[in-house]
Amino acid sequence: MSTKDFIEKDYYKVLGVPKDATEAEIKKAYRKLAREYHPDANKGNVKAEERFKEISEANDILGDPKKRKEYDEARALFGNGGFRPGPGAGGGSFNFDLGDLFGGAPGGGQGAGGFGGGLGDVFGGLFNRGGAGPGTRTQPRRGQDIESEVTLSFTEAIEGATVPLRMSSQSPCKACSGTGDKNGTPRVCPTCVGTGQVARGSGGGFSLTDPCPDCKGRGLIAENACEICKGSGRAKSSRTMQVRIPAGVSDGQRIRLRGKGAPGERGGPAGDLYVVVHVDSHPVFGRKDDNLTVTVPVTFTEAALGGEVRVPTLGGPPVTLKLPPGTPNGRTMRARGKGAVRKDGTRGDLLVTVEVSVPKDLTGKARDALEAYREATAGEDPRAELFQAAKGA
């Protein structure tokens, strides 16, 4: 991506969130769009694939607090793709100290062809660009980040699991050893002198950089282009990795595995692998943060008279909970340490909600007993307070 593209792209618009959106709102918007436009759900749909790339690119910037800050600062500085002049330069306002912007006092130590600190750090940090000078030769290039998805069972998400992931990415072409030249002898690009970047004047006494149009940002030109990679030095490859998903992962969580993405170029580091986790539901248990939930039916007599109730746990032996006499329907009790695994290795709790079960069919003795109970409690009205409160409101 060129600096111009970066400045002009509205990542907030791509994700459909306001500029003051919280991290949670950005994350929620990304998950929704990623599922809608993911290539696996839109096979053969080129537009959906391009849209997914835009969404991933926007999330990569806005989902990282540091990158988001740098992006907002750059957008504030350049507005809608153009430099905002200061006082005396045609109106408007300029809230940046040029000394801070270029990493030194105004007018000191920086030429028009490069940045030191400030804005240079903004673009360098976002696009892995350094402040390469005209004499710099070809530089290592970091590999691309890869995003994949995995679906786990409820139990696997709670206990952790190792799953195989098959991924496709761009890696150094094996036919030309990543040089792009079938003879393995590319030459340094004369346009950018091997930096992969060219300066573009923008006025105001400084310049921006774009990928070199002749070498496409590689810094090298293949005289005899490799027939496999067409001179790019990169070829599509597939590989299967065994990825360990940590215990306690939640549905929609995005896990970052450093250095597990596409291989770098010319000795550069590999990119990162991002795994979006989807978790299937469980027929018995639910989840609330680090706690598991379960609803347990009890009889009327157990709720009214009290008693002990056996409760199932996920992957372990049942636990016994003591119901106090007069336990109301919907009451929640806690079985400590029977929930999901936390980041520190401890476990949450199992939240047990009591549901009083009303029998559909009654035998003669049971019906007689309930009739006797009704006669014994005929003077009680459990709705008296309800009507009194409604009348007084």
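Since we're looking at a predicted model, the values are computed, not measured. (Residues numbered from 1 in each chain as written. Predicted model: local features only at pLDDT ≥ 70, side-chain atom pairs only at ≥ 80, totals over all residues. Heavy atoms only, no water.)

### Quick word on the overall build of the protein
Then comes step 1: Secondary structure assignment for the protein yields eleven helices and 15 strands.
Then comes step 2: Relative to its full complement of 393 residues, the protein shows a buried share of 36%.
Then comes step 3: Restricting to contacts in the protein with at least 6 residues of sequence separation, those with at least 24 account for 63%.
Then comes step 4: Surface accessibility of the protein: about 22900 Å² in total, with carbon and sulfur atoms responsible for 51%. (Helix = DSSP H or I, 4+ residues; strand = E, 2+ residues; numbered from the N terminus. Buried < 20%, exposed > 50% of the residue type's maximum accessible area, 1.4 Å probe, protein only. Contact = heavy atoms within 4.5 Å. Areas by Shrake-Rupley, 256 points an atom, 1.4 Å probe, with all protein chains shown as cover.)

### Section: the environment of C226
Then comes step 1: Its location among the elements puts C226 in the loop between β6 (220–221) and β7 (234–245).
Then comes step 2: Judged by relative accessible area, which is 4%, C226 ranks as buried.
Then comes step 3: The sequence separation of C226 and D181 amounts to 45 residues, and the corresponding C-alpha distance is 5.0 Å.
Then comes step 4: Leave out the neighbours within four places in its chain, and C226 touches C173, A175, C176, G180, D181, K182 and G231.

### Describing the packing of aromatic side chains
The geometry of an aromatic ring pair is captured by the separation of the ring centres together with the interplanar angle, meaning the angle of the planes.
Then comes step 1: Under the counting rule described, the total for this entry stands at three aromatic pairs.
Then comes step 2: With a centroid separation of 5.0 Å and 50° between ring planes, the pair formed by Y11 and Y71 is classed as tilted. Linking Y11 in helix α2 (residues 11–15) with Y71 in helix α5 (residues 65–78), this pair joins segments that are 60 residues apart in sequence. Judged on exposure class, the residue Y11 and its partner Y71 are both buried. (Phe/Tyr/Trp six-rings, centres within 6.5 Å; stacked < 30°, edge-to-face > 60°.)

### Digging into the pattern of salt bridges
Then comes step 1: Taken as a whole and judged by the stated rule, the model has 17 salt bridges.
Then comes step 2: Here R342 and D290 are joined by a salt bridge, their closest N and O atoms 3.7 Å apart. Separated by 52 residues along the polypeptide, R342 in the loop between β14 (332–335) and β15 (350–356) and D290 in the loop between β10 (286–288) and β11 (291–298) bring together distant segments of the chain.
Then comes step 3: The class for D290 is partly exposed, based on a relative accessible area of 29%. (Salt bridge = Lys/Arg side-chain N within 4 Å of Asp/Glu carboxyl O.)

### Points about the pairing of strand β12 (residues 307–313)
Then comes step 1: Here β12 runs beside strand β13 (residues 316–323); their pairing, made up of six bridges, is antiparallel. By the bridge assignment, V311 is partnered in β13 with V319.
Then comes step 2: Between β12 and β13, which pair antiparallel one after the other, the connecting turn spans two residues, and G315 there sits at a positive phi close to 75°. (Pairing = 2+ DSSP bridges.)

### Section: the sheet that holds β11
Then comes step 1: Ordered by their spatial adjacency, four strands build an open sheet running β10-β11-β15-β14, and the pairing between neighbours is mixed. The open sheet is flanked by β10 and β14, the only strands paired with a single partner. Looking at each pair of strands side by side, their axes are set apart by 35° on average, direction ignored.
Then comes step 2: Direction of pairing for β10 relative to β11: antiparallel, over a ladder of three bridges. In the strand pairing of β11, R287 is matched with L292. (Axes fitted to C-alpha atoms, helices over the stretch in contact; angles between N-to-C directions.)

### Side note on the confidence of the model for the protein
Then comes step 1: Averaged over every residue, the pLDDT of the protein is 78; the share at 70 or more is 79%.
Then comes step 2: Ignoring residues within four places in sequence, the model shows residues 80–137, a span with pLDDT below 50, making 88 contacts including any to other chains. (pLDDT = per-residue confidence, 0-100.)

### Some points on the packing of helix α3 (residues 23–37) against helix α4 (residues 46–62)
Then comes step 1: It is the contact of α3 with α4, at a shortest axis distance of 9 Å, that shows an interaxial angle of 160°. Judged by the angle between their axes, α3 and α4 are roughly antiparallel. For the pair α3 and α4, the sense of crossing is left-handed. Contacts from I26, Y30, L33, A34 and Y37 of α3 reach α4 at A48, R51, F52, I55, S56, N59 and L62.
Then comes step 2: Taken together, the residues that form the contact of α3 with α4 break down as nine nonpolar, two polar and one charged. (Parallel < 35°, antiparallel > 145°, perpendicular 65-115°, else oblique. Left-handed = near helix turned anticlockwise from the far one by under 90°. Nonpolar A, V, L, I, M, F, W, Y, C, P; charged D, E, K, R; others polar.)

### What about the environment of T179?
Then comes step 1: Positionally, T179 belongs in the loop between β2 (161–172) and β3 (187–188).
Then comes step 2: Note: C-alpha distance between T179 and A222 (43 residues apart in sequence) is 7.6 Å.
Then comes step 3: Among residues more than four places away in sequence, those in contact with T179 are G184, P186, R218 and G233.

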